[in-house]
Amino acid sequence: MRLLHIVRRYGPVGGMERYVWETTKELARLGHEVQVLCEYCPAEKPDGIRVHELGKMFYRPRWLYYWRFGRRVKGWLSEHPHPGWIIHSHERVGVHDVTTFHGPPFASVREKPWWKKISLRVAMQLYMERRELRVAKCIVPNSRIIARQLAHYYPEYAEKITSPVVPGVLPGALRTHRKVPLDGGVVGFVGIEWKRKGLPFAIEIVEQLRSKRPGLEFFVVGPLQEEVQHLFSGWPRGYWLLGRCKDVSYDEFDVLLHPARAEPYGMVIAEAMAASVPVVISDACGAADEVTSDAGTVLSLSASLDAWVDAVDRQLLRDAPVPRYERGWDKVANEFERIYGEVQR
């Protein structure tokens, strides 16, 4: 098959970008002819993939940036037609056969008060999102949560929505199975967008658990120290603000705590499980479907603080090793091969 992927940044520089980067490399390894159309490529271009860069643009305002990117993509394809190619977009464009949704639909804005919906920004975002769905022959969500949201806000396109193609995960250092001290342990939190990912609630959970486990340590990866230091004003010790980390040392955690308010997928969850680290997460995470009972616990955010504390404590007390989560990017590529086959038929 001949495949053209569309993404603004082509490289392993974010969750969505990693998804496109790894999937296209695997598709090329499978023998498909793969090209990528992007704004720019911030990494060394992979062998066997032809990358077309349109050049950087001003990022603000965001809706205008998306609109201009879509116009440039359409113009480039007019000048460089690709008849017979399957065009797979990961952006708000209108020239594709397949589109992957990596985040929640913007259409959730419909549920906000009317004064938050009356703007050119909202109108253009809704227009581009609907166009993206209308043009696509197949709409691929990256989790069941996204699939349900798309079907809810756009029931007229529900028949185009495929089964989710969840991200793969690269194997990393495995956590050595160890007995956690009854008065200690290490709880990890990972997330740059710390408010949405539930850091304030995670702090409450760990703080209460420390009354039972005074030696418990809390590793916070992602937010800068100056952004979150005030949240630990009552903590004399026991926490480590590690800031941005290119590679997270999940194997140092005894449990990953991720009580996110909204998380389309949550790669940190899959990465922790791939390191054999148990997880305690909210059911607002797309990756919750991947968490089996022997890999961790999924709780509602409406559950009590005591329920969350108990769930973390139980993971620290566990005797059995955590089975390693495995989902190679080759599986992601295989699932897209089947979707492309449907498009061709």
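Residues numbered from 1 in each chain as written. Predicted model: local features only at pLDDT ≥ 70, side-chain atom pairs only at ≥ 80, totals over all residues. Heavy atoms only, no water.

(A) Spatial organisation of a nonpolar patch on the surface. Together, W114, W115 and I118 make up an exposed nonpolar region whose accessible area comes to about 460 Å². Tracing the sequence through the fold places W114 in the loop between β5 (98-101) and α3 (120-135). (Patch = residues over 30% accessible without salt bridge, like charges linked within 9 Å, V, L, I, M, F, W, Y side chains within 5 Å. Areas by Shrake-Rupley, 256 points an atom, 1.4 Å probe, with all protein chains shown as cover. Salt bridge = Lys/Arg side-chain N within 4 Å of Asp/Glu carboxyl O. Helix = DSSP H or I, 4+ residues; strand = E, 2+ residues; numbered from the N terminus.)

(B) Broad picture of the packing of aromatic side chains. Applying the stated criterion to the full structure yields 18 aromatic pairs. Taking NZ or CZ as reference, K56 lies 4.5 Å from the ring centre of Y40, over its face. The cationic tip of R110 hangs over the ring face of Y154; the distance from NZ or CZ to the ring centre is 5.1 Å. (Phe/Tyr/Trp six-rings, centres within 6.5 Å; stacked < 30°, edge-to-face > 60°. Lys NZ or Arg CZ within 6 Å of the ring centre and 35° of its normal.)

(C) Spotlight on the sheet that holds strand β9 (residues 239-243). An order of β9-β8-β7-β10-β11-β12 is seen for the six strands of this open sheet, with the pairing classed as parallel. Since the sheet does not close on itself, it has two edges, and those belong to β9 and β12 (296-299), each with one partner. The mean inter-strand angle of the sheet, taken between neighbouring strand axes irrespective of direction, is 20°. Bridging between strand β7 (residues 186-190) and strand β8 (residues 217-221) involves five bridges; their strand directions are parallel. Across the sheet, residue F189 finds its bridge partner in β8, namely V220. (Pairing = 2+ DSSP bridges. Axes fitted to C-alpha atoms, helices over the stretch in contact; angles between N-to-C directions.)

(D) Looking closely at the packing of helix α5 (residues 199-209) against helix α8 (residues 305-317). Running from amino to carboxyl end, α5 crosses α8 at an angle of 65°, the nearest separation of the two axes being 9 Å. It follows that α5 is roughly perpendicular to α8 by the angle criterion. As α5 runs across α8, the sense of the crossing is right-handed. Contact with α5, carried on its side by F201, E204, I205, Q208 and L209, involves L305, D306, W308, V309, V312, D313 and L316 of α8 and no other residues of that element. Along the lines of polarity and charge, the residues of the contact of α5 with α8 split into eight nonpolar, one polar and three charged. (Parallel < 35°, antiparallel > 145°, perpendicular 65-115°, else oblique. Left-handed = near helix turned anticlockwise from the far one by under 90°. Contact = heavy atoms within 4.5 Å. Nonpolar A, V, L, I, M, F, W, Y, C, P; charged D, E, K, R; others polar.)

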